[in-house]
Amino acid sequence: MSEEKKSLNFIEQIVEEDLANGMPKAQLKFRFPPEPNGYLHIGHTKAIGISFGLGLKYNAPVNLRFDDTNPEKEEQEFVDAIKRDIQWLGYQWAEECYSSDYFQQLYDWAIRMIQEGKAYVDSQTSEDMRVQKGTPTEPGTNSPYRDRSVEENLELFIGMKEGKFKEGDHVLRAKIDMTSPNMLMRDPIMYRIMYKHHHRTGDEWCIYPMYDWTHGESDYIEQISHSLCSLEFKPHRELYNWFRDHVFDYSKSEYPLIPKQREFSRLNLSYTIMSKRKLMRLIEDGVVAGWDDPRMPTISGLRRRGYTPASIRGFVETVGVSKRENVIDVALLEFKIREDLNKTANRVMAVLDPVKVVITNYPEGQEEILQAENNQEDESAGFREVPFSRELYIEKEDFREEANKKFFRLKLGKEVRLKNAYIIKAESCTKDENGNITEIQCTYDPLSRSGSGTPESMRRVKGTLHWVSIKHAVEAEVRIYDRLFLDEAPDSHKDKDFMEFLNSNSLETINAYVEPSLQSATIGDRFQFQRKGYFNIDDDSTPEKLVFNKTVGLRDSWGGGKK
RNA sequence: UGGCCCAUGGUGUAAUGGUAACACACCGGUUUUUGGUGCCGUUAUUCUAGGUUCGAGUCCUAGUGGGCCAACCA
């Protein structure tokens, strides 16, 4: 009955405080506001998890709002991908919104601000404006156009909207304070002229509102209670409130509630990058095949790699929420997917680097069907049939002519258990002219069959190997991935480009032999290749040519026994 | 020659003035027909210096270190 009290993160505490101070629970409303200029990545999952998590916790609506105010970079493809990824993660938004839906309202409010002397049209070049803006340590100076009359401002702004000027001729700026220690308060730009086709509004507009003017007011229009974003927006909060308070003054009867912005630190993952611009460069430079390349830290990439929604959600939950800069060890992500797949993925046998084994005392031409447990962590997973015969493949690394006691695998004169099958003993091996082992001759103990219940079958031998029957094995392509970067934080070096840290061996494609039960597997299916790791069927797979991705390896406490 | 934010094991996150906890990683043990899983265990001057307090990781001050802010990007 007594449920353990989980501690609240600082954002949940803010919500609880607001509730305690009298905010009705029904007023709680959140939003996730991606810009459709790229695919979502694992870093976004934190923001998604926070806002959608709050929605779930308080049974409050969460809007999905596309912050589409810059038609230069935004595309419908990204809108579609973002929706697909959020749905795949298992979250449901209340309403699908677009900042561009509010362009008219924003424009009307801007007119009102001009009328009240709160905004003016500036006609300097961007370079002049930059100089005049000052620096973080020096105050800015007023624009020579700052004191234009309301009438002139109105005429110019309306002219901007009507397409009477060229791009760059004029901008609309809020009139705040050019000497503010907060650079964002130094008369920020509200509108710029842009003759670009917008993926939603087409060519209806040739002026587009800037982020600060748009974002907060979109929150306000949607009556969002808590607008949660990452730390770099902290300095924007002052401006967020400035715009919000003016607009509230104009529209409080229609929109009675005011949103508040709060900031948390974004998620960084070791050995990768988390910037849409840089991820795009990996694609453009051909380092990866696309946004959904299994090596990418994108949601689409992780999905294709074989990650489950539950593992990703569990990951961001474990990572927590704070205001500290952080780099999460990618090992935690890997732990989360292993944790999930260990419970859910069926075990199968696949030999990735084969060497032939002949069981000399097994009758030629004989075959038999053995029973194999699908998942010892899940009794309901049942059993499958695995064919056995005289000639098998095992992993090359599982045999040595001689080795010390720490080598629990097959060596000359010693026994090993073949998983779900018999105990075999290595008698001899043959090599090619280069000394490479080409075949291992073994004998088997016919009474030792797994599950047969004989005393021989109960014998304990130290090693157990996976294998496939050569005659029955299915050939498959297996793609093995490694981290994309060799440096723990590739984009944290001021003096070096992140591309310098690329891992040139992040993809290895091999030909493997898998047990015949996998012939019927379909795209997305996940398995544990016993003793090897977790693998899933790639989008490129066909019944004629199976293609697997390595999602993550099994934890390996042996380390290969090198030296 | 400014403003704002942050500082707890290797990495993250708790402890909400009262015994520094949890997860991952690491190392060791145990179980095991996966060197997987499970189970058990080892590992900490809470950045520094002052101050407030019976009592400070927590509050105050200063310092140190890190981050953000000078796009007609979001």
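Summarised in this report is the structure supplied together with it. Position numbers for residues count from 1 along each chain, tracking the sequence in the order it is written. Chains and ligands are labelled sequentially in the order written, the chains with letters from A and the ligands with numbers from 1. For this predicted model, a pLDDT threshold of at least 70 governs which residues receive local features, and a threshold of 80 or more governs which side-chain atom pairs are given and counted, while totals over whole chains, interfaces and linings are taken from all residues. Calculated side-chain values reflect all of the structure's heavy atoms, with hydrogen atoms and water omitted.

Observations concerning the sheet that holds strand β7 (residues 207–209)
- Pairing between strands requires that DSSP locate at least two bridges from one strand to the other. Working definition: helices are DSSP H or I runs of at least four residues, strands are E runs of at least two. Numbering for both runs from the N terminus. What the four strands build is an open sheet, ordered β4-β5-β6-β7; its pairing is antiparallel. In the strand order of this sheet, the two ends are held by β4 (119–122) and β7, each with one partner. On average, adjacent strands in this sheet sit at an angle of 20° to one another, irrespective of strand direction.
- In terms of strand pairing, β4 meets strand β5 (residues 171–174) through four bridges, oriented antiparallel. The residue of β5 that forms the bridge with D122 is V171. For helices, the fitted axis covers only the stretch in contact; all axes are lines through C-alpha atoms, and the angles between them, taken along N-to-C directions, range from 0 to 180 degrees.

Side note on the state of the cysteines
- Any pair of cysteine sulfurs within 2.5 Å is marked as a disulfide. Taken as a whole and judged by the stated rule, the model has zero disulfides.
- Considering cysteine sulfurs only, C442 is the nearest to C429, which forms no disulfide, with 9.6 Å between them.
- Overall, the relative accessible area of 18% leaves C429 in the buried class. In this scheme, a residue with accessible area under 20% of its type's maximum is buried, one over 50% is exposed, and one in between is partly exposed, where area comes from a 1.4 Å probe on protein chains only.

Describing the protein's contact with RNA strand B
- One heavy atom within 4 Å of a molecule or strand makes the whole residue count as near it. Residues in contact with RNA strand B amount to 63 residues; listed here are only the nearest, Q13, S322, R324, R347 and S450.
- Close to the protein, within 4 Å, the atoms of RNA strand B are drawn from sugar and phosphate at a rate of 62%.
- Identification of polar contacts relies on pairs of N or O atoms within 3.5 Å, with a donor-acceptor requirement for protein atoms, meaning one able to donate a hydrogen and the other able to accept it, and with residues adjacent in sequence counted only if both atoms are side-chain atoms. The side chain of T69 places a nitrogen or oxygen atom 2.6 Å from a phosphate oxygen of RNA strand B.
- Within the contact set of RNA strand B, a base nitrogen lies 2.7 Å away from a backbone nitrogen or oxygen of K406.
- Listed by contribution, the elements that provide at least two residues to the surface near RNA strand B are α5 (126–132), β6 (189–193) and α12 (330–344).
- Among the elements that line the surface near RNA strand B, the one with the most residues is α12, at four residues.

Overview of helix α7 (residues 211–221)
- Burial analysis of α7 places ten of its eleven residues in the buried class, which makes it a mostly covered element.
- Taken together, the buried positions of α7 are occupied by D212, W213, T214, H215, G216, E217, S218, D219, Y220 and I221.
- Q223 sits one or two positions beyond α7 and adopts a positive phi of about 55°.

Side note on the pattern of salt bridges
- Think of a salt bridge as a Lys or Arg side-chain nitrogen and an Asp or Glu carboxyl oxygen that are within 4 Å of each other. Overall, the coordinates contain 44 salt bridges when judged by the stated rule.
- With a closest N to O distance of 2.8 Å, K431 and E401 form a salt bridge. One end of the pair, K431, is in strand β19 (residues 423–431); the other, E401, is in the loop between β16 (399–400) and β17 (410–411), with 30 residues separating them in the sequence.
- When the shortest N-O distance is used, the salt bridge between K545 and E477 registers 3.1 Å. Highlighted residues: K545 in the loop between β26 (533–537) and β27 (546–553) and E477 in strand β23 (residues 474–481), separated in sequence by 68 residues.

Overview of the packing of aromatic side chains
- Any two rings among Phe, Tyr and Trp, with Trp reduced to its six-membered ring, count as a pair given centres within 6.5 Å; such a pair is stacked if its planes are under 30 degrees apart, edge-to-face if over 60, and tilted if neither. Scanning the entire structure with this criterion turns up 27 aromatic pairs.
- Taking the centre distance of 5.2 Å and the plane angle of 25° together, the rings of F66 and Y98 count as stacked. In this pair, F66 is assigned in strand β2 (residues 62–66) and Y98 in strand β3 (residues 96–98), connecting sequence segments 32 residues apart. Comparing F66 with Y98, the two get one shared label, buried.
- Note on F103 and Y208: the rings are 5.9 Å apart at their centroids and 75° apart in plane angle, and the pair reads as edge-to-face. Of this pair, F103 sits in helix α4 (residues 103–115) while Y208 is found in strand β7, placing the two residues 105 residues apart along the sequence.
- Given a relative accessible area of 3%, F103 falls into the buried group.
- Three or more aromatic residues link up through ring pairs in this structure, and these residues are F103, Y107, F157, Y191, W205 and Y208.
- A ring has a charge above it when a Lys NZ or an Arg CZ is no more than 6 Å from the ring centre and no more than 35 degrees off the ring normal. Here K161 stacks its cationic end above the ring of Y107, 4.9 Å away from the centre of that ring.
- Positioned above the aromatic ring of W88 is the side chain of R303, whose terminal nitrogen or guanidinium carbon lies 5.3 Å from the ring centre.

What about the sheet that holds β2?
- With respect to topology, three strands assemble into an open sheet ordered β1-β2-β3, the strand pairing being parallel. With partners counted over all chains shown, the strands left at the sheet margins are β1 (30–32) and β3, one partner each. The mean inter-strand angle of the sheet, taken between neighbouring strand axes irrespective of direction, is 35°.
- The sheet contact formed by β1 and β2 spans three bridges and is parallel. Counterpart to F30 in the pairing with β2 is V62.

A short note on the nonpolar core
- Side-chain atoms within 4.5 Å are what join buried Ala, Val, Leu, Ile, Met, Phe, Trp, Tyr and Cys residues into a set we call a nonpolar core. Among the nonpolar cores identified, the biggest contains 46 residues, and F30, I42, I48, F52, I86, L269 and F315 are the most heavily contacted of them.
- If you list the elements that add at least two residues to this core, you get α1 (10–20), β1, α2 (42–58), β2, α3 (76–89), α10 (299–305), α11 (309–319) and α12.
- Element by element, the count of residues in this core is highest for α2, at six residues.
- In this structure, L269 is in contact with I42, M274, F315, V327, I328, D329, V330, L333 and E488, ignoring residues within four places of it in sequence.
- One finds Y102, F157, M185 and L239 within the second-largest nonpolar core, a separate group that totals 35 residues. The criterion used for residue contact is that any of the two residues' heavy atoms lie within 4.5 Å.

What to know about unusual backbone geometry
- The residue D187 is not glycine, and still its phi comes out positive at about 45°.
- In this fold, D187 is placed in the loop between β5 and β6.
- For Q223, which is not glycine, the phi dihedral falls at a positive 55°.
- Secondary-structure assignment places Q223 in the loop between α7 and β8 (226–230).

Things to note about the packing of α2 against α11
- Two elements in contact, α2 and α11, have axes separated by 9 Å at closest approach and are oriented at 85°. Taken together, the axes of α2 and α11 are roughly perpendicular relative to one another. In this structure, α2 uses I42, T45, K46 and L56 to contact α11, whose residues at the interface are I312, R313, F315 and V316.
- Classifying every residue of the contact of α2 with α11 by side-chain character gives five nonpolar, one polar and two charged. An angle counts as roughly parallel when it lies under 35 degrees, as roughly antiparallel when it exceeds 145, as roughly perpendicular when it falls between 65 and 115, and as oblique in every other case. Three categories are distinguished: nonpolar for Ala, Val, Leu, Ile, Met, Phe, Trp, Tyr, Cys and Pro, charged for Asp, Glu, Lys and Arg, and polar for the others, with Gly belonging to the last.

Treat this as a map of the structure, not an account of what it does.
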